Amino acid sequence: MTTLLAPSPVASTVPAGGWKIDAQRGQLIGAVSRQWQTRPDDQKFLSLADLDAFLRDRSNRSRESTFEPSQIRIQASRNDPDRLALHLPSDEVALPTYWGFGRLAQLAGAPAGYLRQLPATLAAVNLQWGLADKNDHIQVQTLTDAKGRFTELRAATGPDYGRIPDFRLVSAIRRIAGDGTGDTRWKTPGLIDWGSSTYNPFVDVTKETTTLYASDQDVFVFLVDDLTPIEIGKLPDGSPDVYFRGFYAYNSEVGAKTLGIATFFLRGVCANRNIWGAEEFREVKIRHTRHAMHRFTEDVAPALAAYANSSPNKFRRAITTAKETIVAKTAEERLEFLQRQKFTKPDAEAIIQSVLQEEGHPARSVFDFVQGITATARALPHQDARIERELRAKHLLDRLT
């Protein structure tokens, strides 16, 4: 059961029970919920300090080396004939992780799924033969376990792979968010109470509510600035329409995913960590190429700091302008406006009806149509179609800025 925390002095202006919100407005983002659903407890952390310590300890026990393929000998493990062992020129004997084995098989040009079904001795022969045909050097990352009992092969990549250590990302986040638990304006999110349609930022950070994750393959962090609401207009019942700033960031130092940071404004986060009522979603990604670390240091980390300390005035002006920009006054004009945006007549009619139901009045402004488009996007069964429609809503707003 989730426990609500007592309000801190910083947030003395939070209404009792939280802020009234209309979570059905805006975009629904499920990226964090997917992390929440799939992560076991040992991949969940209760503070950025704990996450940082875990990643730094792993980094301190890791070692990177580059070898010619012919220098690597692959055999069945002496201690476990069902596992492979890599004998490296550094005199290390490394046991590949599930991910490390897959990357090694990819470099060898062999299907990992097939090799995993073979006896270790046969899989070793196939891998050795495939690597012997490669001219490029192989960059490997090994990890010695905490007690020094064995060494794992965590990653095997080509020579141009640009590794960005996971702890570097978390360190950049800690510079703006501290512990991520409320010691700065940036913290793990609160919860939506669907019964009262309110969002309360005061929630204990537990394994069930945390949004700080890491595994042997990656790291993922989601934080919000939910103690300083941004009021833009009113809800249909006259309550303030409030937003909060948020971002999530992710990386994989072993090549399982790119480095990325997504920023947005949101109205609330539910118990299964879906982001509701999002606006102005923007995402930047960096592939792990040769100069990736330089790009992260020079571009991404400073941009994250700038966003964390930026003013919401630009967003406020964009929403206000969208609400004031009237593009249709009659039923015929509403249909024509949406058809000019390349919506079919049935889709346009569904959007118009959605605005009438959710906003309580016929669509007139750009803001009305954006809300209708994103509302109908949530009902689409396929993710690609949802994203495509949400992007069309975003482009409508972008034209006004």
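Caption draft 1: Looking closely at the packing of helix α10 (residues 345-359) against helix α11 (residues 366-377). At a minimum axis distance of 8 Å, the contact between α10 and α11 shows a crossing angle of 105°. Looking at the two axes, α10 sits roughly perpendicular to α11. Residue-level contacts link A350, I351, S354, V355, E358 and E359 of α10 to D368, F369, Q371, G372, I373, A375 and T376 of α11. A class-by-class count of the residues in the contact of α10 with α11 yields six nonpolar, four polar and three charged.

Caption draft 2: Local environment of the sheet that holds strand β1 (residues 19-20). Overall, antiparallel pairing links the three strands, which are arranged β1-β11-β10 in an open sheet. Among the strands making up the open sheet, the edge pair consists of β1 and β10 (191-193). Taken together, the two bridges between β1 and strand β11 (residues 198-200) define a ladder with antiparallel strand orientation. Of the residues in β11, the one forming a bridge with W19 is Y199.

Caption draft 3: Layout of the packing of aromatic side chains. Applying the stated criterion across every chain yields a total of 17 aromatic pairs. Consider the rings of F222 and F264, whose centres lie 6.2 Å apart with planes at 35°: the pair is tilted. Taken together, the positions of F222 in strand β13 (residues 219-234) and F264 in strand β15 (residues 259-266) put the pair 42 residues apart, joining distant regions of the chain. The exposure classification of F222 matches that of F264, with both residues buried. Judged by centre distance (4.7 Å) and plane angle (40°), the ring pair of F337 and F369 falls under tilted. You can see F337 sitting in helix α9 (residues 331-340) and its partner F369 sitting in helix α11, a full 32 residues away along the chain. Here F337 matches F369 in class, with each residue buried. Site record: aromatic cluster; members linked through ring pairs are Y213, F220, F222, Y248, Y250, F264 and F281. Over the face of the ring belonging to Y307 we find R245, whose NZ or CZ atom lies 5.6 Å from the ring centre.

Caption draft 4: The nonpolar core, seen in detail. Counting 30 residues, the largest nonpolar core has L48, L51, I173 and L223 as the members making the most contacts within it. Among the elements of the structure, α2 (48-60), α6 (166-177), β12 (212-214), β13, β14 (240-251), β15 and α7 (292-308) are those that each provide at least two residues to this core. Setting aside residues no more than four positions away along its own chain, L48 makes contact with V170, I173, R174, A177, G178, D179, G180, L212, V221 and L223. Of all hydrophobic cores here, the second largest spans 29 residues; its members include V14, I29, F264 and F281.

Caption draft 5: Local environment of the pattern of salt bridges. The tally for this structure, following the rule as stated, stands at 22 salt bridges. A salt bridge links K44 to D41; the shortest N-O distance between them is 4.0 Å. When its relative accessible area of 7% is taken as the criterion, K44 is described as buried. D347 is paired through a salt bridge with R389; the nearest N and O atoms lie 3.0 Å apart. Here R389 lies in helix α12 (residues 383-398) and D347 lies in helix α10, a separation of 42 residues in the sequence. In this structure R389 comes out as buried when scored by relative accessible area, which is 7%. Connected through salt bridges with shared partners, the residues D22, R25, D241, R267 and E279 form a single ionic network.

Scoring rules and cut-offs
- Within any chain, residue numbers begin from 1 and follow the written order of that chain's sequence.
- Whole-chain, interface and lining totals are the exception, using all residues; otherwise, since this is a predicted model, local features are given only for residues with pLDDT of at least 70 and side-chain atom pairs are given and counted only at 80 or more.
- Hydrogens and waters are ignored; side-chain quantities use all the structure's heavy atoms.
- As a rule, the C-alpha atoms of each element are fitted with a line to give its axis, helices using only the stretch in contact, and angles between N-to-C directions run from 0 to 180 degrees.
- A helix here means a DSSP run of H or I that spans at least four residues, while a strand means a run of E at least two residues long, and both kinds are numbered starting from the N terminus.
- Angles below 35 degrees are treated as roughly parallel, those above 145 as roughly antiparallel, those between 65 and 115 as roughly perpendicular, and all remaining angles as oblique.
- We call two residues in contact whenever any of their non-hydrogen atoms come within 4.5 Å of each other.
- Charged means Asp, Glu, Lys or Arg here, nonpolar means Ala, Val, Leu, Ile, Met, Phe, Trp, Tyr, Cys or Pro, and polar covers whatever is left, Gly included.
- Strands qualify as paired when DSSP identifies two bridges or more between them.
- Aromatic contacts are taken between Phe, Tyr and Trp rings whose centres are within 6.5 Å, Trp giving its six-membered ring; a plane angle under 30 degrees counts as stacked, one over 60 as edge-to-face, and the others as tilted.
- Burial classification: accessible surface area is computed with a 1.4 Å probe over protein chains only, and a residue below 20% of its type maximum counts as buried, one above 50% as exposed, and the rest as partly exposed.
- Only when the NZ atom of a Lys or the CZ atom of an Arg is both within 6 Å of the ring centre and within 35 degrees of the ring normal do we say a charge sits over the ring.
- Remark: nonpolar core denotes a set of buried residues (Ala, Val, Leu, Ile, Met, Phe, Trp, Tyr, Cys) joined through side-chain atoms within 4.5 Å.
- What makes a salt bridge here is a side-chain nitrogen of Lys or Arg within 4 Å of a carboxyl oxygen of Asp or Glu, nothing more.

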